[in-house]
Amino acid sequence: RTLAGHSDTVWSVAISADGERVVSGAEDNLVKRWDADTGAEVSTLAGHPGWGRFVVFSPYGNIVVTAYNDNLVKIWDLETRDEVGTLRGCACLLLSVKFSRDGKRIVT
């Protein structure tokens, strides 16, 4: 199935642990949430001025972390579509972002 909706190159895609949700980050500066079964776009998250390098689900699937080329790591609540946090301080190129198994820590 093709998930059509971004207007530019998609750089990262993640599937929730339960297989029900997909998120994608692209060069159009947007994060999109998709229904994995139907392929329908569920929501769009905006807040990065750069393009999407990484999108990662929390172990429970309710939180997504995004790392973009703006060197910001943003934390999103998928149910409310709110940005619930921003991690700053890295002046380097972010090459990876991961959750700890218990979902309490994010490492880059």
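Here the structure is shown first, and the text comes after it.
To start, this report covers the structure provided alongside it. (Residues numbered from 1 in each chain as written. Predicted model: local features only at pLDDT ≥ 70, side-chain atom pairs only at ≥ 80, totals over all residues. Heavy atoms only, no water.)

## Regarding the overall build of the chain
Rule in force here: The helix and strand labels rest on DSSP assignments: H or I over at least four residues marks a helix, E over at least two residues marks a strand, and numbering proceeds from the N terminus. We compute the radius of gyration over the C-alpha atoms and compare it with the globule rule, which gives 2.2 Å times the number of residues raised to the power 0.38. Should any heavy atoms of two residues lie within 4.5 Å, those residues are counted as being in contact. Only the protein chains shown count as cover for residues, and all accessible areas are computed by the Shrake-Rupley method using a 1.4 Å probe.
Secondary structure assignment for the chain yields 0 helices and 10 strands. In summary, the chain has a C-alpha radius of gyration of 13 Å against a globular reference of 13 Å for 108 residues, a match within 12%. Along the first, second and third principal axes, the C-alpha atoms of the chain reach 40 × 30 × 20 Å. For the chain, the share of sequence-separated contacts (at least 6 apart) that also reach a separation of at least 24 residues comes to 38%. As displayed, the chain offers around 6000 Å² of accessible surface, 49% of which is attributable to carbon and sulfur atoms.

## Observations concerning the pairing of strand 1 (residues 10-15)
Quick reminder of the rule: Here, strands pair whenever DSSP counts at least two bridges between them.
Sheet topology note: the strand 1/strand 2 (residues 21-26) ladder contains 5 bridges and is antiparallel. Looking at strand 2, one finds that Ser-12 is bridged to Gly-25. Between strand 1 and the antiparallel strand that follows it, strand 2, lie 5 residues; Gly-19 among them carries a positive phi value of about 75°.

## Let's talk about the sheet that holds strand 1
Selection rule: Here, axes are lines fitted to C-alpha atoms. For helices the fit covers the stretch in contact, and angles between N-to-C directions go from 0 to 180 degrees.
The strand order across the open sheet built from 4 strands is 1-2-3-4, with neighbouring strands paired in antiparallel fashion. The strands lining the two open edges of the sheet, one partner per strand, are strand 1 and strand 4 (41-46). With direction set aside, neighbouring strand axes in the sheet form an average angle of 20°. Here 5 bridges tie strand 3 (residues 30-35) to strand 4, and the two strands are oriented antiparallel to one another. Directly across from Trp-34, in strand 4, lies its bridge partner Glu-41.

## Here's the deal with the pattern of salt bridges
What counts here: Salt bridge, as applied in this entry: a Lys or Arg side-chain nitrogen positioned within 4 Å of an Asp or Glu carboxyl oxygen. The buried label applies to any residue whose accessible area, calculated with a 1.4 Å probe on protein chains only, is under 20% of its type's maximum; exposed applies above 50%, and partly exposed to all values in between.
Within this structure, the stated rule accounts for 3 salt bridges. Lys-32 is paired through a salt bridge with Glu-41; the nearest N and O atoms lie 3.1 Å apart. Taking relative accessible area as the criterion, Lys-32 reaches 6% and is therefore assigned buried. Since its relative accessible area comes to 37%, Glu-41 is described here as partly exposed.

## What about unusual backbone geometry?
Despite not being glycine, Asn-29 has its phi angle at roughly 70°, a positive value. Along the chain, Asn-29 turns up in the loop between strand 2 and strand 3. What makes Asn-29 partly exposed here is its relative accessible area of 26%. Positive phi outside glycine occurs at Arg-81, with the angle close to 65°. Along the chain, Arg-81 turns up in the loop between strand 7 (73-77) and strand 8 (82-87).

All quantities given are derived from atomic positions and should not be read as evidence of function.
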